[in-house]
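Observations on the model geometry
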Amino acid sequence: MKREDLLKEPIEDITLEDLRGVEKILPVLDKIYGFSAEAIVRGSRILKDMMKDADLRFLSFTANLVSTGLRGLFADLIRKGYFNVVITTGGTIDHDIARGNGGKYYKGLFEYDDIMLRELEIHRLGNVIVPFESYGKVIEEVVRKNIEELVRIKKEWPVYELLWEFGKRIDDKNSILRAAYEKKVPIIVPGVVDGSFGTNLFIFSQFDGLRINLFEDMKMVKDLIFSCKKSGALIIGGGISKHHTIWWNQFKDGLDYTVYVTTAQEYDGSLSGAKPREAISWNKIKPVSENVVIYGDATVILPILSASLLM
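In what follows, the accompanying structure is described. (Residues numbered from 1 in each chain as written. Predicted model: local features only at pLDDT ≥ 70, side-chain atom pairs only at ≥ 80, totals over all residues. Heavy atoms only, no water.)

1. Observations regarding unusual backbone geometry
Our working rule: Secondary structure elements are defined from DSSP: runs of H or I of at least 4 residues count as helices, runs of E of at least 2 residues count as strands, and each element is numbered from the N terminus.
If you check the backbone angles, K184 has positive phi at about 55° while not being a glycine. Checked against the element boundaries, K184 lands in the loop between α9 (176-183) and β7 (187-188). The phi torsion at D253 lies on the positive side, around 70°, for a residue other than glycine. Looking at where D253 falls in the secondary structure, it is placed in the loop between α12 (239-249) and β10 (255-262).

Here's what the structure looks like:
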């Protein structure tokens, strides 16, 4: 296949406005009730209760989703005030900066030959394909272009403040970083060096003296936790973003509202597959909390859950 045969249909972001009418599926799922249908309905109710009752609302997700059209939905959920703190992984920053600065991601297939893709200089992320020039080169150039000015402002930065500065410089309404900057919602990335953005920060720090201070990010989360009355979280996927969210909530005796969306199973004892009931044993979710785990692909489930907030 030729490169131009593959790079035909760009991924497009969605917003809450695109979901109007989707909420009509919830009464249908409630009638069906069984299995995942019931979990989605319960999750939608917990989210609505969370919005009414919790003053601290976490949105936690993994980076792979930011390569899809959910990126615009995450930005809209932040911009419309549904969530006031984000915890995510390093790749989220990579994808948001790349796509927010002209990089295009395209529709592809899981079955593509990866050796062929490498020869054509195309990355594959599931069934999303990313031209080389839409990823690493874009991120490197954005960091290079802005880092000198930021170091002049100050040498040492909390990561959430540094991300606001990069968000301020993105002219894209579907950008997660831009929405977070506008609403002053902290984006906490405990694994920020695990990706292109963090690696480029490190490289440039060897010449300009830049330092990042993750302890200030931890202090921000600590202050939010200790000052809130009730907290809730929509946690999509597992790994470090999930754990960081529930870890900090143990210091207030656990989350009051929790919705997990995952494809991971608990049989191997992994954090990613652990159900809310296990977090109760660690004091990370309250025994009297409203909680549910929804099994399935977030690209299908999250639009339904988000649409329920419009009801």
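2. Some details on the environment of E23
Counted only if it meets this: By the convention used here, residues are in contact when the closest approach between their heavy atoms is within 4.5 Å. We call two N or O atoms a polar contact when they sit within 3.5 Å, provided that within protein one can donate a hydrogen and the other can accept it, with sequence-adjacent residues counted only if both atoms are side-chain atoms.
Note on placement: E23 falls in the loop between α1 (3-6) and α2 (25-32). Taking the C-alpha atoms as reference points, E23 and K184, separated by 161 residues in sequence, lie 29 Å from one another. Not counting residues within four places of it along the chain, the set of residues in contact with E23 comprises A307, S308 and M311. Reaching out from E23, the side chain makes a polar contact with the backbone nitrogen of G21 at a distance of 2.9 Å.

3. Re the packing of aromatic side chains
Rule in force here: The criterion for an aromatic pair is that two Phe, Tyr or Trp rings (for Trp, the six-membered ring) have centres within 6.5 Å, with stacked assigned to planes under 30 degrees apart, edge-to-face to planes over 60 apart and tilted to the rest. Think of it in three bands: residues with accessible area under 20% of the maximum for their type are buried, residues over 50% are exposed, and the middle band is partly exposed, with areas taken using a 1.4 Å probe on protein chains only. Charge-over-ring placement is defined geometrically: NZ (Lys) or CZ (Arg) within 6 Å of the ring centre, and within 35 degrees of the ring normal.
Per the stated rule, a full pass over the model turns up 5 aromatic pairs. Each ring, one from F61 and one from F74, has its centre 3.9 Å from the other, and the planes form 10°; the classification is stacked. A residue pair is termed long-range when its members are at least 10 positions apart, and F61 in strand β1 (residues 56-61) and F74 in helix α4 (residues 70-79) qualify at 13 residues. Judged by centre distance (5.1 Å) and plane angle (90°), the rings of F166 and F197 are edge-to-face. One end of the pair, F166, is in helix α8 (residues 159-168); the other, F197, is in helix α10 (residues 196-208), and 31 residues separate them in sequence. Overall, the relative accessible area of 1% leaves F166 in the buried class. Through pairs of rings, three or more aromatic residues link up here, namely W247, W248 and F251. Over the ring of Y105 we find R99; its NZ or CZ atom is 5.6 Å from the centre of that ring. One residue, K154, lies across the ring of W157, its end atom 4.7 Å from the ring centre.

4. Regarding the nonpolar core
Where we set the bar: Definition used in this section: a nonpolar core is a set of buried Ala, Val, Leu, Ile, Met, Phe, Trp, Tyr and Cys residues joined via side-chain atoms within 4.5 Å.
By size, the foremost hydrophobic cluster in this structure holds 92 residues, and its most contacted members are F197, L234 and I236. In terms of residue count, helix α3 (residues 36-53) provides more of this core than any other element does, 8 residues in total. The contacts of L234, once residues within four sequence positions are left out, are L47, M50, F58, L59, S60, F83, V259, V261, L302 and L305. One finds L6, Y106, Y112 and I129 within the second-largest nonpolar core, a separate group that totals 9 residues.

5. Concerning the pairing of strand β5 (residues 128-131)
Rules: The pairing criterion is simple: DSSP has to find at least two bridges between the two strands.
Here β5 shows a buried face lined by V128 and V130 and a second buried face lined by I129 and P131. With 2 bridges joining them, strand β3 (residues 106-107) and β5 adopt antiparallel strand pairing. Of the residues in β5, the one forming a bridge with Y106 is I129. Pairing of strand β4 (residues 122-125) with β5 involves 4 bridges; the strand directions are antiparallel. The residue bridging L125 from the neighbouring strand is V128, located in β5. Connecting the antiparallel pair β4 and β5 is a turn made up of 2 residues, with G126 showing a positive phi of about 65°.

6. Comments concerning the sheet that holds strand β11 (residues 285-295)
In a beta sheet, neighbouring strands pair by backbone hydrogen bonds and run either parallel or antiparallel. Applicable threshold: Lines are fitted to the C-alpha atoms to define the axes, a helix being fitted only along its stretch in contact, and any angle between axes, read from their N-to-C directions, falls within 0 to 180 degrees.
Here we have 6 strands laid out as an open sheet, ordered β7-β2-β1-β9-β10-β11, and parallel in their pairing. Whereas interior strands pair on both sides, the edge strands pair on one side only; in this sheet they are β7 and β11. Summarising the sheet, β1 and strand β2 (residues 85-87) pair through 3 bridges and their orientation is parallel. The residue of β2 that forms the bridge with L59 is V86. Across the face of the sheet, α12 comes into contact with β1, β2, β7, β9 (231-236) and β10 while running at roughly 155° to β1.

7. Describing the sheet that holds β5
Across the sheet, 3 strands lie side by side as β3-β5-β4; this open sheet has antiparallel pairing. Two strands lie at the open edges of the sheet, namely β3 and β4, each paired on one side alone.

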